[in-house]
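Chain by chain, the residues:
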Number of protein chains: 2
Amino acid sequence: MFQIFKAHLDKFITISEEEFVAISRFFEAKSVKKKENLLEEGQHCKSNYFVSKGLLRKFFINEKGVEQTTQFAIENWWMTDDFAYEHQLKTAFYIQTVEDTDLLHIRKDRQSRLLEEHPLMEKYFRCIYQRAYAATQMRIKFLYDFSREELYHHFCRSQPQFLQRVPQYLIASYLGITPEYLSEIRKRNVS
Amino acid sequence: MFQIFKAHLDKFITISEEEFVAISRFFEAKSVKKKENLLEEGQHCKSNYFVSKGLLRKFFINEKGVEQTTQFAIENWWMTDDFAYEHQLKTAFYIQTVEDTDLLHIRKDRQSRLLEEHPLMEKYFRCIYQRAYAATQMRIKFLYDFSREELYHHFCRSQPQFLQRVPQYLIASYLGITPEYLSEIRKRNVS
DNA sequence: CGGTCTCTTGACGGAGTTCAAAGCTAGTGG
DNA sequence: CCACTAGCTTTGAACTCCGTCAAGAGACCG
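Asker: If you had to explain the layout of surface pockets to someone new, which residues and values would you point to?
Answerer: In this structure, the largest pocket encloses a volume near 1100 Å³. Lining the largest pocket are 47 residues, with Leu143(A), Arg148(A), Leu143(B), Phe146(B) and Arg148(B) sitting closest to its centre. Residue assignment for the lining of the largest pocket shows that the elements contributing at least two residues are β5 (67–73), α5 (120–145), α6 (148–158) and α8 (168–175) of chain A together with β5 (67–73), α5 (120–145), α6 (148–158) and α8 (168–175) of chain B.

Asker: Before we move on, could you go through the domain arrangement of chain A and cite the residues and values that matter?
Answerer: Residue and element names in this part refer to chain A. When its domains are assigned, chain A resolves into domain 1 (2–145) and domain 2 (146–191). A separation of 25 Å is found between the C-alpha centroids of domain 1 and domain 2. On the side of domain 2, 14 residues touch domain 1, which itself brings 19 residues to the contact. Roughly 1400 Å² of surface becomes buried between domain 1 and domain 2 when both sides are summed, with 59% attributable to carbon and sulfur atoms. Where domain 1 meets domain 2, there are 2 salt bridges. For Arg165, the salt bridge is made with Glu75, and the minimal N-O distance between the two is 3.2 Å. At the boundary of domain 1 and domain 2, one finds 8 residue pairs in polar contact (both at pLDDT 80 or more). Taken together, the elements giving at least two residues each to the side of domain 1 that touches domain 2 come down to β5 and α5. Of the residues forming the side of domain 1 that touches domain 2, the biggest block, 6 residues, is contributed by β5.

Asker: Describe in detail the packing of α6(A) against α8(A), supporting the description with residues and values.
Answerer: Residues and elements named next belong to chain A. α8 packs onto α6 with a crossing angle of 120° between their chain directions and a minimal axis gap of 10 Å. Between α6 and α8, the angle is such that the two are oblique. Where α6 crosses over α8, the handedness of that crossing is right-handed. For the pair formed by α6 and α8, the contact residues are Arg148, Leu151, Tyr152 and Phe155 on the first element and Ile171, Tyr174 and Leu175 on the second. Here the residues of the contact of α6 with α8 are counted per class, giving 6 nonpolar, no polar and 1 charged.

Conventions used here
Residues numbered from 1 in each chain as written. Chains lettered and ligands numbered in written order. Predicted model: local features only at pLDDT ≥ 70, side-chain atom pairs only at ≥ 80, totals over all residues. Heavy atoms only, no water. 1 Å grid on protein atoms, 1.4 Å probe; cavity = no way out; pocket = protein on both sides within 12 Å on 5 of 7 lines; lining within 4 Å. Points joined across faces, edges and corners; volume = space filled by probe spheres on them. Helix = DSSP H or I, 4+ residues; strand = E, 2+ residues; numbered from the N terminus. Domains from an automatic or database assignment. Contact = heavy atoms within 4.5 Å. Buried area = accessible area lost by both parts, 1.4 Å probe. Salt bridge = Lys/Arg side-chain N within 4 Å of Asp/Glu carboxyl O. Polar contact = N/O pair within 3.5 Å; in protein donor to acceptor, adjacent residues only side chain to side chain. Axes fitted to C-alpha atoms, helices over the stretch in contact; angles between N-to-C directions. Parallel < 35°, antiparallel > 145°, perpendicular 65-115°, else oblique. Left-handed = near helix turned anticlockwise from the far one by under 90°. Nonpolar A, V, L, I, M, F, W, Y, C, P; charged D, E, K, R; others polar.

Pasting the structure below:
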């Protein structure tokens, strides 16, 4: 798992083998079976998760009791409830494995120390957050611009890797529509 | 304008007066009248804008010719089309002043040099992007969780400062509803 | 005061939800 | 390796939120 993380770091910063060893001590590795919760509503959000292999989703449960998926994370992406993580608050989200998943995670206090002791990691995380922020802003644009049906087609075009790996009812949940309506959209486009 | 920026930097990093002077050379100051465009669709997105005083909005024009506002920026917030800025692409957005506005801006190539020559600024921007990303994720949660009517009430509660400063049709545009429907919601809650 | 923005009102229509029920698929245990 | 079951997907009818269109009433600015 650490080699995958090293390869990812190398895309953003230049780092010696020794410094990487020192850095990796801040992280813990973990393997989790499909459909287990890493985080649950009401808990304090202690960790930031990096996916080496597998697939996570983040969701919350609305007042009707329906799960709303707001995000997926595949290989080389970070996931946490950033707001609760930053301020060390209780979260309103669940983070759940969609497949068997290998991940690294780091706790908030250790991430702070990591950044103090290895200022190079400031650059790494600046790049990561900048990229994530830009992607999220484009996502908001699409949410405003597209009808639910168009969102689905756009999702199929731009994220085809998920179609193989994620069941339909989770895609519906991510698009903010009911499984029934997604089924209707798909039918419309086959015929 | 630079004092306001200095006060903002001080919240995130500790910096000497001399280094601040060196850093401020990377920025340009600008004052812009109400309702002028800083960025227009199809242009290359060259600058990142910091609001010292005033109010900006970012919007795009959908296929029906309607302006969709995706973001406001008040004092001490940064605004640009982050995706186009990062990759130096043509933008699909407009950035427009809502009030007379004083701002600082920095060009992409200069921001890269700033970060190389003043690594402390990596930390500053890491904090800025982290906070912005966390806020945007909560916003996405609300977009999934709330009906348009609830979005309006939530907006009134959590961002009352805008109600004074922004005309109703722009609030409607930001909430993703028509001015007509916003008018109906407001009527419903007065009576 | 005259004209252009902005906000309100009401009738109608359509995208997407809700509810209920039936068909399908995949994992599990025997 | 088959049978059973729970979870996933599809169907259809009734309903609701919100958009569209058209028109009028204020409000602001030269």
